[in-house]
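Chain and residue survey
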Amino acid sequence: MENYVKYIITRFIQTLIVIFIGITIVFFAPRFTPMDPVQSVIMRAYSQSTVDASVIQGLVETLKDLYGLRGTIWEQYIRFWKHLLKGDLGPSFTMFPTPVIQIIFKALPWTIGLLLTSTLIAWLLGIILGTLVGYFPNKSFSKILSIIITCIYPIPYYIIALILIFIFCYIFPIFPLMGGVQIGLKPSFSLTYILSVIKHGFLPALSLIIGTTCFIFMTQRALVSTLIASDFIVFSEVAGLSRKRIFLYLIRNSMLPQITDLALFLGGIFGGALMTEIVFSYPGIGQILYSAILQSDFNLIMGISIFSVVGVAFAAFILDLIYPLLDPRIRVK
């Protein structure tokens, strides 16, 4: 138990370091780009009218305060952390004076729901199918499934999303083209509202499930192909154990590398979810990030990036906590 506590503390400190570095990069990266949020706002606001120079200068100073751009870059950095530790990400300029954190909290449940559901289903599906194909490589269904998934695997999430839209929204108009719920419905636990959420989220989730399942399938098939030559599988077959029990042995012994792969792949899945939300106009983080980029909403872009860093880092930390439960060696060492 003592070793397990040490393991958790170590991983937690590593997660905090990752978050600190990630947020620092989020702070400095935009400041080394040609993008000037103050100038872009001024140009957009007064592109079609003539305004006194003193008015513009006053607006520039106000915007610098809003964006935290006053002073040297190190003064900005220290001030940024002070505000961040208080949970203050500043106001969104495009939805002024709404705080950035309020906008993110409104969109976050949609992204979390979509991401968790699709990742869990894809992970289970990929492991089961990959184990079946790896254990029975010469069966007809294994060969057909391998060919299909090998063809789909390189296709990006957003291309899969566009194909699904074309098939299920235009050729066979079964699912809605955009949105997270039917217009006019208020959030509740009624059956009508839940069914509407499922119907609107089906295609975005399906595009993520297809892409992620292919990745999990490929890695699981490779793992099982190696495991079936292991001594414990050979002895299990010689001892006459049932196929079902050997199948479960294969899944259990492939769990550790699969969890490692999932932790490494989380960032990719999250990025895919953001792209999918943009394609389907799904009301999650990806959709507001897209709008923020188009309108140069500096604070909102930084706020979403910070939440992304923290979310992915803590998701990887939770997966790290599962490790010792599957591998007793980590609890002992």
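Residues numbered from 1 in each chain as written. Predicted model: local features only at pLDDT ≥ 70, side-chain atom pairs only at ≥ 80, totals over all residues. Heavy atoms only, no water.

1. As for the overall build of the protein
A count of helices and strands for the protein gives 14 helices and zero strands. Counted from the first residue to the last, the protein has its helices and strands arranged as α-α-α-α-α-α-α-α-α-α-α-α-α-α. If you line up the protein on its principal axes, its C-alpha atoms span 90 × 55 × 40 Å. Within the span of the protein, comprising 333 residues, buried residues form 38% of the whole. For the protein, restricting intrachain contacts to residue pairs at least 6 apart in sequence, the fraction spanning at least 24 positions comes to 73%. For the protein, the accessible surface area stands at approximately 18800 Å², while carbon and sulfur atoms represent 71% of it. (Helix = DSSP H or I, 4+ residues; strand = E, 2+ residues; numbered from the N terminus. Buried < 20%, exposed > 50% of the residue type's maximum accessible area, 1.4 Å probe, protein only. Contact = heavy atoms within 4.5 Å. Areas by Shrake-Rupley, 256 points an atom, 1.4 Å probe, with all protein chains shown as cover.)

2. Focus on the UniProt feature "transmembrane region" (unreviewed entry) in the protein
When the UniProt feature table is mapped to this numbering, "transmembrane region" (unreviewed entry) covers residues 12–29, 112–135, 155–179, 191–218, 262–280 and 300–323. Taken end to end, residues 191–218 comprises 100% helix and 0% strand; its first and last C-alpha atoms sit 38 Å apart. For residues 300–323, helix accounts for 100% and strand for 0%, while the C-alpha atoms at its two ends are 35 Å apart. (UniProt positions renumbered as here; feature names shortened; annotations may be inferred.)

3. Describing helix α5 (residues 100–135)
Between its first and last C-alpha atoms α5 spans 50 Å; for 36 residues at 1.5 Å apiece the expected length is 52 Å, and the two agree. Roughly 35° is the biggest bend found in α5, and it falls at Ala107, with proline Pro109 one to four residues downstream. (Expected span 1.5 Å × (residues − 1). Bend = angle between axes of the 7 residues up to and from the residue.)

4. Overview of the side chain of His200
Positionally, His200 belongs in helix α8 (residues 191–227). Overall, the relative accessible area of 13% leaves His200 in the buried class. At a separation of 2.8 Å, a polar atom in the side chain of His200 contacts the main-chain carbonyl oxygen of Ser196. Ignoring sequence-local partners within four residues, the contact set of His200 consists of Pro176, Met178, Gly179, Gly180, Val181, Gln182 and Tyr282. (Polar contact = N/O pair within 3.5 Å; in protein donor to acceptor, adjacent residues only side chain to side chain.)

5. Section: the side chain of Thr219
Structurally, Thr219 can be placed in helix α8. Residue class for Thr219 comes out buried when judged on its relative accessible area of 18%. Excluding its chain neighbours within four sequence positions, the residues that come into contact with Thr219 are Gln258 and Asp261.

6. Things to note about the environment of Asp231
Mapped onto the fold, Asp231 is located in helix α9 (residues 231–238). Here the alpha-carbon distance between Asp231 and Arg243, two residues 12 residues apart in the chain, equals 16 Å.

7. Side note on the packing of aromatic side chains
Applying the stated criterion across every chain, the model contains 16 aromatic pairs. For the pair Phe105 and Phe307, a centre-to-centre distance of 5.7 Å together with 90° between the ring planes defines the contact as edge-to-face. In this pair, Phe105 is assigned in helix α5 and Phe307 in helix α13 (residues 298–326), connecting sequence segments 202 residues apart. Residue Phe307 is classed as partly exposed on the basis of its relative accessible area, which comes to 24%. (Phe/Tyr/Trp six-rings, centres within 6.5 Å; stacked < 30°, edge-to-face > 60°.)

8. Digging into the environment of Asn3
Tracing the backbone through its elements, the reader meets Asn3 in helix α1 (residues 2–31). Separated by 59 residues in sequence, Asn3 and Thr62 have C-alpha atoms that sit 53 Å apart.

9. Points about the packing of α5 against helix α6 (residues 140–152)
Direction vectors running N to C along α5 and α6 enclose 125°, while the axes themselves pass 9 Å from each other. Judged on the interaxial angle alone, α6 and α5 are oblique. At the point where α5 passes α6, the crossing takes the left-handed sense. Contact residues: Leu129, Leu132 and Val133 in α5; Phe141, Ser142, Leu145 and Ser146 in α6. Residues belonging to the contact of α5 with α6 are distributed by class as follows: five nonpolar, two polar and no charged. (Axes fitted to C-alpha atoms, helices over the stretch in contact; angles between N-to-C directions. Parallel < 35°, antiparallel > 145°, perpendicular 65-115°, else oblique. Left-handed = near helix turned anticlockwise from the far one by under 90°. Nonpolar A, V, L, I, M, F, W, Y, C, P; charged D, E, K, R; others polar.)

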